[in-house]
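# An overview of the molecular structure
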Amino acid sequence: MTHQEQLQALMVRIDALEQRERQLTYASNAYQAILTTLLGILDKPTRDRVISMVDQAHDLAYAKANLEQKGNILGADDITQRIFLFAQGRAAQPK
């Protein structure tokens, strides 16, 4: 395989990865909007109970996770916390 062919194959793979990243971003934004809306329409005690249960689930999952899974859980937890703050009417606060 020539350098030109290798470059072309690499460019095809990069394009595919960029498209997949866009799709994941769209899906993530949709799920965030849905969850935020659902949490936002709940009464405060129910919303607080749901948030507490999700926090507990994250803690349990993190305690049982391997190193790679812990990184994924921490990333998901950051997004989840932003959703919770927004649903509670508070802007996301920097850590």
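Criteria and cut-off values
- Residues numbered from 1 in each chain as written.
- Predicted model: local features only at pLDDT ≥ 70, side-chain atom pairs only at ≥ 80, totals over all residues.
- Heavy atoms only, no water.
- Helix = DSSP H or I, 4+ residues; strand = E, 2+ residues; numbered from the N terminus.
- Expected span 1.5 Å × (residues − 1).
- Buried < 20%, exposed > 50% of the residue type's maximum accessible area, 1.4 Å probe, protein only.
- Arc of directions from axis to C-beta.
- Contact = heavy atoms within 4.5 Å.
- Phe/Tyr/Trp six-rings, centres within 6.5 Å; stacked < 30°, edge-to-face > 60°.
- Lys NZ or Arg CZ within 6 Å of the ring centre and 35° of its normal.

## Observations concerning helix α2 (residues 44-64)
- Spanning 21 residues, α2 covers 30 Å between terminal C-alpha atoms, matching the ideal 30 Å at 1.5 Å per step.
- By the burial criterion, the buried members of α2 are R47, I51 and H58. For α2, the buried positions fall inside an angular range of 35° around the axis, keeping them on one side. Looking at α2, the residues exposed on the side facing more than 90 degrees away from the buried face are P45, R49, D59, L60, A63 and K64.
- For α2, the secondary structure elements touched by its buried residues are α1 (3-41) and α3 (67-87).

## A short note on the environment of V50
- Here V50 lies in helix α2.
- In sequence terms V50 and L35 are 15 residues apart; their C-alpha atoms lie 11 Å from each other.

## Observations regarding the packing of aromatic side chains
- Tallied over the entire structure, the rule returns zero aromatic pairs.
- Against the face of Y62 rests K70, its NZ or CZ located 4.9 Å from the ring centre.

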